[in-house]
Amino acid sequence: MTTLNTLNNLKTKKIRVGRGIGSGKGKTSGRGVKGQKSRSGVAIKSFEGGQMPLYRRLPKRGFNSIKKKDIAVINLNDIQKLIDSKKIISDSKINIDALKKANIFRKSINKFKVLSNGELNTKIDIEADYASKIAKEKIEKAGGQITLKNQSK
């Protein structure tokens with residue numbers, strides 16, 4: 001019996017506001033007089049009572065460089081699919097302009113890299129900015145050639 005009484009004492013009763021002056025929460029219902037905070041449905045966003053708000057306490061993160069170059073990535077199996085679907089011609093030199101013209105890359109792309117995922121069974125002549133070692137080997141194994149521009153050695 002005593003345990004039930006102690007549990008009931010732990011719960012706080014809901015304060016019923018606006019129920020007469022005798023309750024201590026009547027008339028203005030504990031909201032003070034006039035002003036923004038006395039109105040219903042108004043909350044001052046991110047205001048923490050004068051404490052430095054969370055969004056100002058946290059550091060700014062990230063930086064978008066204006067000089068950043070977008071580098072696109074294309075795999076050998078993607079190149080093979082494009083050749084098979086005749087979006088690009090294997091006889092001509094495949095470079096960034098040809099890939100942009102075929103709507104494979106966005107116009108904002110300045111450089112691209114060839115990666116080795118997949119197999120290549122067509123002889124191609126490709127001009128890229130970057131390429132992985134295995135991609136070079138696979139292109140040369142298929143009888144094609146790859147030239148890398150802007151290569152820093």
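Anyway, here's the lowdown on the structure attached to this text. (Residues numbered from 1 in each chain as written. Predicted model: local features only at pLDDT ≥ 70, side-chain atom pairs only at ≥ 80, totals over all residues. Heavy atoms only, no water.)

Re the sheet that holds strand 2 (residues 93-94)
Sheet strands line up and pair through hydrogen bonds in the backbone, either parallel or antiparallel. The 3 strands lie next to each other as 2-4-6, forming an open sheet whose pairing is parallel. The open sheet has two edge strands, strand 2 and strand 6 (145-148), and neither has a second partner. Pairing of strand 2 with strand 4 (residues 125-128), which is carried by 2 bridges, proceeds in the parallel orientation. Bridge pairing in strand 4 places Lys93 opposite Asp125. Strands in contact with helix 5 (residues 133-141) are strand 4 and strand 6; relative to strand 6, the strand with the most contacts, it is inclined by about 140°. (Pairing = 2+ DSSP bridges. Helix = DSSP H or I, 4+ residues; strand = E, 2+ residues; numbered from the N terminus. Contact = heavy atoms within 4.5 Å. Axes fitted to C-alpha atoms, helices over the stretch in contact; angles between N-to-C directions.)

What to know about the sheet that holds strand 3 (residues 111-115)
Sheet architecture is open: 3 strands sit in the order 1-3-5, paired in parallel fashion. Only two strands of the sheet have a single neighbouring strand rather than two, namely strand 1 (71-75) and strand 5 (130-131). In the sheet, strand 1 pairs with strand 3 via 5 bridges, with the strands oriented parallel. Paired with Ile71 across the two strands is Lys111, which belongs to strand 3.

Digging into the pairing of strand 4
With 4 bridges connecting them, strand 4 and strand 6 associate as parallel partners. What sits directly across from Glu127, in strand 6, is Thr147.

Things to note about the environment of Val17
As for its placement among the helices and strands, Val17 is situated in the loop between helix 1 (2-10) and helix 2 (54-57). For Val17, the residues in contact, after removing those within four places along its chain, are Lys25 and Ser29.

Some details on the side chain of Thr122
Note on placement: Thr122 falls in the loop between strand 3 and strand 4. Engagement of the side chain of Thr122 in a polar contact is seen with the side chain of Gln80, the distance being 2.9 Å. Those residues in contact with Thr122 that lie beyond four places of it in its chain are Gln80, Ile83, Ser90 and Ala142. (Polar contact = N/O pair within 3.5 Å; in protein donor to acceptor, adjacent residues only side chain to side chain.)

A look at helix 3 (residues 76-84)
Taken as a whole, helix 3 has its buried residues at Leu76, Ile79, Gln80, Leu82 and Ile83. Along helix 3, the residues classed as buried sweep out an arc of 160° about the axis, all on the same side. Turned more than 90 degrees away from the buried face of helix 3 sit Lys81 and Asp84, all of them exposed. For helix 3, the elements touching its buried residues are strand 1, strand 3, strand 4 and helix 5. With its phi angle positive at about 60°, Lys86 sits one or two positions after the end of helix 3. (Buried < 20%, exposed > 50% of the residue type's maximum accessible area, 1.4 Å probe, protein only. Arc of directions from axis to C-beta.)

Points about the packing of aromatic side chains
Following the criterion strictly, the structure yields 1 aromatic pair and no others. Between the aromatic rings of Phe105 and Phe112, the centroid separation amounts to 5.6 Å while the plane-to-plane angle is 50°, which identifies the pairing as tilted. Classification of Phe105 by relative accessible area gives buried; the value is 11%. Using a relative accessible area of 0% as the deciding quantity, one classes Phe112 as buried. (Phe/Tyr/Trp six-rings, centres within 6.5 Å; stacked < 30°, edge-to-face > 60°.)

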